[in-house]
Amino acid sequence: MPKKPVEEKIAGNFTHKHILSLDQFDTKSLDILFKTTEKIIQRINQNKPLDTLAGKIISLLFFEPSSRTFSSFSSAAKKIGAQTVEYQNMTQTSSVVKGESLEDTVHTFESYSDMVIMRHPEIGSVNRAASVSSIPVINAGDGGGEHPTQTLLDLFTIYKKFYRLDNLTGVMGGDPLHSRTIRSLAKGLSLYKKNILYFLSPKELRLSSELVTEIRSTGTKVVEIHDEKDIPATAHFWYWNRIQKERFKNKADADRAAGKFIVTLKLLQKKGNKHMIIMDPLPRVDEIAVEVDHDPRAMYFAQMKNGWYVRMALLSLIFGEKL
Ligand code: NCD
């Protein structure tokens, strides 16, 4: 893909493109993805085999820990006929240990596969990888940067519940400063009209002012709150994410920030409503009490399952398979 901008707009056509940021998306492209996802769900529910990616090989290169993103991509790829080359501990088991550069690592895996899916602790690193890659690269999380495919499944989950992605009020709680899933979801929801996004966090973990400005410039309303009492009663969804301890410069600050805002049945009774859903990209640490799991509004496990379907759809579309 030389010469094309690395974050090329999707604009309705996913074929052979990198997936690096929500900045590449528009509502039409998301619509195509969700329709493809629905078709995949239907095919799976009817027990019809899918082999859209037969003959393709996908490399999963993970430099950071992962359960869901890694295994859902791995399983999604195989479910639709692809095979995978998998590294869960790149920094310990690959030539990176010997000092190989990210660029040379990409050249290695582009020789043996048709796509690279990469997670890396440094912001911008996956873009760097994509800029030297002749095969599509998917950002599976770049440090505190973005996590676009998580947002695709988050948006799909909200859409499945409300049949729309505009005119919604959401509360995003936890660590907006470091949470790449909150950052990407905020960008995703700002593609739609009349959304109101509340960010609940300790003051020192508020969303970066650049991102607040960017989101507001789309017409999306941003309200930053630092006290549970300011949670609006009208929210359609609560999206909680753990304090991202590994992204703090100093451990004491992370410990101080932890445990401040926890979703409990009591909080739901005080500030929730009947129609809302509760989301979390997971892993859960302590930000949602286990007692909430049995509440019908708890959507986080279904959300996780949606990731499998959405990733099958995304992989198919990147390889030009419309279904
Ligand atoms: C998230 C991530 O890695 O950013 N998890 C995920 O991909 N499902 C959230 C997190 O680690 O807190």
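Before reading further, recall that the structure is shown in the block above.
Read on for a plain summary of the structure. Model, not experiment: these values are computed from the prediction.

### As for the site of the ligand
Contacts to the ligand come from T69, R119, H147, Q150, R180, T181, N241, R242, Q244, P281, L282 and P283. R119 places a side-chain nitrogen or oxygen 3.0 Å from an oxygen atom of the ligand. Within the contact set of the ligand, an oxygen atom lies 2.8 Å away from a side-chain nitrogen or oxygen of H147. Relative to its unbound accessible surface of 310 Å², the ligand loses 95% to contact with the protein. Assessed atom by atom at 2 Å from the grid points, the ligand resides in the largest pocket. Broken down by class, the residue content of the shell around the ligand amounts to three nonpolar, six polar and three charged.

### Regarding the packing of aromatic side chains
One pass over the structure, following the stated rule, counts eight aromatic pairs. Aromatic pair F34 and Y159: ring centres 5.9 Å apart, planes at 25°, arrangement stacked. Remark: Y159 occurs in helix α6 (residues 148–162) and F34 occurs in helix α1 (residues 27–45); sequence separation between them is 125 residues. With a relative accessible area of 4%, F34 lands in the buried category. Looking at Y159, the relative accessible area reads 27%, which means it is partly exposed. Judged by centre distance (5.1 Å) and plane angle (70°), the rings of Y300 and F301 are edge-to-face. The exposure class assigned to Y300 is buried, which follows from its relative accessible area of 1%. With relative accessibility at 42%, the residue F301 sits in the partly exposed group. One aromatic cluster in this structure is built from F34, F156 and Y159.

### Quick look at the nonpolar core
Of all hydrophobic cores here, the largest spans 62 residues; its most connected members are F14, L33, I58, I117, I138, M172 and L315. Of all the elements, helix α11 (residues 300–318) adds the most residues to this core, at nine residues. With 20 residues, the next largest nonpolar core counts V171, W238, F261 and V263 among its residues.

### As for the sheet that holds strand β5 (residues 169–173)
Strands sit in the order β7-β6-β5-β8-β9 across an open sheet of five strands; the sheet is parallel. Of all strands in the sheet, those bounded by a partner on one side alone are β7 (221–225) and β9 (277–279). If you compare each strand with its neighbour and ignore which way they point, the axes differ by 20° on average. When strand β6 (residues 196–200) meets β7, the two strands line up parallel, connected through five bridges. Among the inter-strand pairings, I196 is bridged to a residue of β7, identified as K221. Seen against the sheet, α6 touches β8 (237–240) and β9 and runs at an angle of roughly 170° to β9.

### Observations concerning the sheet that holds strand β2 (residues 83–87)
Strand order across the open sheet formed by four strands is β2-β1-β3-β4, with parallel pairing between neighbours. Sheet topology places β2 and β4 (137–142) at the edges, where each strand pairs with a single neighbour. When the angles between neighbouring strand axes are averaged without regard to direction, this sheet yields 15°. Across five bridges, the pairing between strand β1 (residues 57–62) and strand β3 (residues 115–120) is parallel. Pairing of L60 across the sheet is with I117, part of β3.

Procedures and definitions
- Residues numbered from 1 in each chain as written.
- Predicted model: local features only at pLDDT ≥ 70, side-chain atom pairs only at ≥ 80, totals over all residues.
- Heavy atoms only, no water.
- Near = heavy atom within 4 Å.
- Polar contact = N/O pair within 3.5 Å; in protein donor to acceptor, adjacent residues only side chain to side chain.
- Areas by Shrake-Rupley, 256 points an atom, 1.4 Å probe, with all protein chains shown as cover.
- 1 Å grid on protein atoms, 1.4 Å probe; cavity = no way out; pocket = protein on both sides within 12 Å on 5 of 7 lines; lining within 4 Å.
- Sits in = over half its atoms within 2 Å of the grid points.
- Nonpolar A, V, L, I, M, F, W, Y, C, P; charged D, E, K, R; others polar.
- Phe/Tyr/Trp six-rings, centres within 6.5 Å; stacked < 30°, edge-to-face > 60°.
- Helix = DSSP H or I, 4+ residues; strand = E, 2+ residues; numbered from the N terminus.
- Buried < 20%, exposed > 50% of the residue type's maximum accessible area, 1.4 Å probe, protein only.
- Core = buried A, V, L, I, M, F, W, Y, C linked by side-chain atoms within 4.5 Å.
- Pairing = 2+ DSSP bridges.
- Axes fitted to C-alpha atoms, helices over the stretch in contact; angles between N-to-C directions.
- Contact = heavy atoms within 4.5 Å.

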